[in-house]
Amino acid sequence: MVSTSEKYASSSLTDEKSLELFRTLERIMREEKIYKDNFITKDKVAEILGTNRTYLSRIINEQSKLSFTHYVNRFRIEEAIRLLSDPNNETPLKAISTELGFNSISTFYNLFQSSVGMTPSQYRNKVMELQKRAIDYLFALFFILKTAIADINIGIKRHI
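So, a few notes on the structure that sits alongside this text. Computed from a predicted structure; not experimentally measured.

Further remarks concern the overall build of the chain. Along the chain, the regular secondary structure elements total eight helices and zero strands. Taken from N to C terminus, the helices and strands of the chain fall in the order α-α-α-α-α-α-α-α. By residue count, 30% of the 160 residues in the chain fall in the buried class. A separation of at least 24 residues holds for 62% of the contacts in the chain among residues at least 6 apart in sequence. Here the chain displays about 10,600 Å² of accessible surface, and carbon together with sulfur accounts for 57% of that area.

With that out of the way, let us pick up the pattern of salt bridges. Counted under the stated rule, the structure contains 12 salt bridges. Where Lys 17 meets Glu 20, a salt bridge forms, and the shortest distance between an N and an O atom there is 3.9 Å. One end of the pair is Lys 17 and the other is Glu 20, both in helix H2 (residues 15–32) and three residues apart, which spans about a single turn. On the basis of relative accessible area, Glu 20 is assigned to the partly exposed category, the value being 43%.

Rules and cut-offs
Residues numbered from 1 in each chain as written. Predicted model: local features only at pLDDT ≥ 70, side-chain atom pairs only at ≥ 80, totals over all residues. Heavy atoms only, no water. Helix = DSSP H or I, 4+ residues; strand = E, 2+ residues; numbered from the N terminus. Buried < 20%, exposed > 50% of the residue type's maximum accessible area, 1.4 Å probe, protein only. Contact = heavy atoms within 4.5 Å. Areas by Shrake-Rupley, 256 points an atom, 1.4 Å probe, with all protein chains shown as cover. Salt bridge = Lys/Arg side-chain N within 4 Å of Asp/Glu carboxyl O.

Pasting the structure below:
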């Protein structure tokens, strides 16, 4: 097997330039969310970065150890996790899938499950369950504190 450094040994892309391009790529992925474009291609992203598709593939592979497609899908799944972690978000899964740039709901489901260990609907249900437990816990804690304060007030009144 050829190592990444051997594979790109004859390239004119310096390590410094490679790191700079990757940092720019990371920034535009996070800030501009270009991963939401369901027609995103290496050529489009390379054009945005002012480089070529070969260099783009190289920097993604060297810096993230992922292919272009896996790299893009990593951002999509991270965003899906963020959206589904909001118990108030009732957006249908199909709409989330489309919004995040997936061309099919089955691809979204499969990638989500392989990354998270459960389907998006199972994840959403787990979030709702945990929120309900947290609310129940807070009500129980409130009742305990209210009772304790009342007992303290009774004790104070007896000593006055």
